[in-house]
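# Examining the three-dimensional arrangement
As a plain string of letters, each chain reads:
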Amino acid sequence: MRYLIEHETVLEYPRTVREHHIELRLAPRTDGHQQVISCSIETEPSAEFASYQDYFGNRVDYFCIIQPHNRLVTRLKSEVETLKENPFSFEPVPPSGEHEWLREAIRRAPPMNDFVLHRSLLTPSAMKLAEAITCAFPRQDKDQPLLESLLELLAWVPKVFEYRTGSTEVHGSLVSAVRQGGGVCQDFAHLFITVARSWSIPARYVMGYLDPGISQVGEKLATHAWAEALVPGAGWIGFDATHNLLTNDHYVAVAVGRDSYDAAPQRGSFKGESSGEQPAVTVTMQEQQ
Amino acid sequence: MNNVGIPGSKPRTPYHEFYADDFTPRDHYRLLWDHIKATGNSALEAKAHESQLALQAEGVTFTVYGESEEGIERIWPFDLIPRIITAAEWVKIESGLKQRVRALNLFLGDLYGEQRIIKDGVIPPELIYQGRDFRREIVGIVPPRGIYTHVSGIDIIRDEKGEFLILEDNLRTPSGVSYMIENRVIERRILPEFFNKYRVRRVEHYPSLLLAALRALSPRGTAHADIVLLTPGIYNSAYFEHTFLAKEMGVELAEGRDMVVVNDIVYLKTTTGLQRVDVIYRRIDDDFLDPLVFRSDSSLGIAGVINAWRAGNVAIVNAPGSGIADDKAVYPYVPDIIRYYLGQEPILNNVPTFQMTNETDREYVFDNMERMVIKAVSESGGYGMLMGPSSTPASRKEFMALVQENPRNYIAQPVVYLSRHVCYMDGELEARHLDLRPYVIYGEDIEVVPGGLTRVALRKGSLVVNSSQGGGSKDTWVLAE
């Protein structure tokens, strides 16, 4: 599929701010699943851009606005081609060898440790999570292929909580979302990641976009979030726990990380009075012919 | 950088730096001993008084926290009887520290690069990936010439046999060097005749060594090296030192709010406009250095400075991310780190250390808590530790729970008896325990300043030397060949 994505973020400040530094993780990735045809970012006030690739391989575009301002707009426009794939078309590793396959993958690439070891309020320890949930904690049967276990986990997540618009704050804790019985796509992704890590499977957070024709959450379109787990023989496979779906060519990935904090689309620091301004985000995603 | 002992229940006698036995001084102390005997206590009293006046006049102070919110400024406690290190002893310390600092810098370059040491199974990945001070934000950035720790302060103690052991590496913003110099200034004034007789090596050139190392890092070349000492401000316990070093080096002393980054260039805001900054000697922790990438609530740092550093437009000293190499949980692996990168045996050994992530070690420590020091890995200055000998059953139980909850966060060491030295205390010469922090500058090459800060536990029997916990200090004389 070919999509045109536009993503606008407006921040307004009651009093002027200055020396404003901003980092954006907004440019879609180019990887085996998708290719970026075009990508441009503009800001108001205008600024000079620089970029680098962060630790997780995300492209970061950054800029600063030194002079006083009380409004900051960033606009991304990008065209992306996604590839149709069959997520099951890979040479599976026998269940008895899967954990060894993962251990070897981690040994070869030590940064992969992060996706197993990382714990935070967003992706807590299994123990902390188990205390919060009322249903049985999912188990991974050693004789079962890991992909099957992960698919069961995918179906299990929506039993823990339901989708509630705006029910949790961005970067809130997963345990509090579970206790409240409702969350947004980030919480669904974090819950999936937390359980997968407790099984020693590398799992990471993905921020991106989902075709509004597929999305069932039906509200105003914004960024979406899902999880990726490292599957022996296959590599990273995307799991959208919000929709109980494996990701496909209706998904456009932007940034990955250990949790949503690493993959935040916009991060800034300024001088001036902060009053907890919330950004106004508008996203459109149109299929191109 | 702390150690404890069990007064009154000593299995072995601590090493005495000054005396060979009850009646005889060691050879290198004889000259001083003869003088003290000849002039008597009243002369010492006069010298002690003189040194006290000089410290007050110079305004040499430090700040103690905990007693009140704001901290209390105190006159630096100085003991007039110098600690003497022979040329032969110094050769070992110097070569051992050079070896250690070289290996630790190679280690940092590897951690923030290929991570061969993890791939080769020499250190467990959990150690790094669960370490609070492994900074993912700087992975892939290579600082000039691969040097991370331009300034190190390494704590050395002496065990019962007189062997020098490394107690702790301080690779972030080690402090105390100003007191090393002030101690020397005072000592030269009150015992001037001994400096030639003893052929004491100089330490006063430290600021010029540091300045040369900083200048050499300027991205615009040494001809254009505008240097700033970045301080967290007047409430920091080391603020005296920040002003001292800035003045001695002739560089600007500034806080984060005095600087701004514009399109990857760092500037100091001056009365005549923005002035480019080439080198930042920062005395604030990574956490507070850049609110854009580290702690977003920090108002002490400079937003955008990490991106300016990545772009190669500014040097930051010590390099961000250095803290993972002096993490106390990494410390037990330093001998292996030296072997791995240099193919050499460590010249200076570690204090034996138990790792709380290891179940056998942990059980042993829990069974012997009264004889152990347990330390939180990311604390320093004598905070976050259990001193076994003086602990209560309740505090031991509390620490046991803390260790079990987060074993990666703790290490334990058997109590080591720090060596002792004579000190002039209220009219008497008395033995007190001490350690040594030499300073290592990594510029063109690695240089260890011959001397250091000798810290003394002023309370009788105490082995806690931190100035924040009631420690004092001595001038440290390293003798020329």
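Residues numbered from 1 in each chain as written. Chains lettered and ligands numbered in written order. Predicted model: local features only at pLDDT ≥ 70, side-chain atom pairs only at ≥ 80, totals over all residues.

### A word on the overall build of chain A
- In terms of helices and strands, chain A carries six helices and 14 strands.
- Taken against the 2.2 N^0.38 rule, which gives 19 Å for 289 residues, the C-alpha radius of gyration of chain A at 19 Å falls within 12% of a compact globule.
- In terms of principal-axis extent, the alpha carbons of chain A reach across some 60 × 40 × 35 Å.
- Looking at chain A as a whole, 40% of its 289 residues qualify as buried. (Helix = DSSP H or I, 4+ residues; strand = E, 2+ residues; numbered from the N terminus. Rg over C-alpha atoms; globule rule 2.2 N^0.38 Å. Buried ≥ 20, exposed ≤ 12 C-beta atoms within 10 Å, placed from the backbone.)

### A few points about the overall build of chain B
- If you tally the helices and strands in chain B, you get 13 helices and 23 strands.
- Its C-alpha radius of gyration of 22 Å places chain B within 12% of the 23 Å reference for a compact globule of 481 residues.
- For chain B, the C-alpha atoms occupy an extent of roughly 65 × 55 × 45 Å along the three principal directions.
- A burial count over chain B gives 47% of its 481 residues as buried.
- Pairs at least 24 apart in sequence give 69% of the contacts found in chain B among residues at least 6 apart. (Contact = placed C-beta atoms within 7 Å.)

### Regarding the sheet that holds strand β14 (residues 354–355) of chain B
All names here are of chain B.
- Across the sheet, four strands lie side by side as β14-β17-β15-β16; this open sheet has antiparallel pairing. Each edge of the open sheet is held by one strand with a lone partner, namely β14 and β16 (385–387).
- Looking at chain direction, β14 and strand β17 (residues 410–414) are connected through two bridges and run antiparallel. By the bridge assignment for β17, phenylalanine 354 is matched with alanine 412. (Pairing = 2+ DSSP bridges.)

### Observations regarding the confidence of the model for chain B
All names here are of chain B.
- Looking at chain B, the pLDDT average stands at 91 and 95% of residues meet or exceed 70.
- In this model residues 1–10 is a low-confidence stretch, pLDDT under 50, and it forms 31 contacts with partners more than four residues away in sequence or in other chains.
- Complex prediction metrics read pTM 0.94 and ipTM 0.94. (pLDDT = per-residue confidence, 0-100.)

### Here we look at the interface of chain A and chain B
- The interface is formed by 17 residues belonging to chain A together with 22 residues belonging to chain B.
- Those elements that place two or more of their residues in the side of chain A that touches chain B are β1 (2–24), β3 (50–53), β4 (59–65), α2 (114–117) and β13 (266–271) of chain A.
- It is β1(A) that contributes the most residues to the side of chain A that touches chain B, three residues altogether.
- Here the residues of the side of chain A that touches chain B are counted per class, giving eight nonpolar, three polar and six charged. (Nonpolar A, V, L, I, M, F, W, Y, C, P; charged D, E, K, R; others polar.)

### With respect to unusual backbone geometry
- Residue A:Pro45 is bonded to the preceding A:Glu44 through a cis peptide linkage, with omega at -5 degrees.
- If you trace the backbone, A:Pro45 turns up in the loop between β2 (34–44) and β3.
- Note that the residue after B:Val317, namely B:Asn318, is joined by a cis bond; omega there is -15 degrees.
- Its location among the elements puts B:Asn318 in the loop between β12 (315–317) and α11 (334–342).
- With phi around 55 degrees, B:Arg145 is a residue other than glycine that occupies positive phi space.
- Mapped onto the elements, B:Arg145 comes out in the loop between α4 (125–129) and β4 (151–158).

### Description of the domain arrangement of chain A
All names here are of chain A.
- When the domains of chain A are assigned, the result is domain 1 (2–82 + 264–288) and domain 2 (95–257).
- Inter-centroid distance (C-alpha atoms) of domain 1 to domain 2 is 25 Å.
- On the domain 2 side, the residues contacting the 16 residues of domain 1 number 14 residues.
- Going through the elements one at a time, β1, β5 (69–82) and β14 (280–288) are the ones with two or more residues in the side of domain 1 that touches domain 2.
- With four residues, β14 is the largest single contributor of residues to the side of domain 1 that touches domain 2.
- Among the residues forming the side of domain 1 that touches domain 2, the class breakdown is 10 nonpolar, four polar and two charged. (Domains from an automatic or database assignment.)

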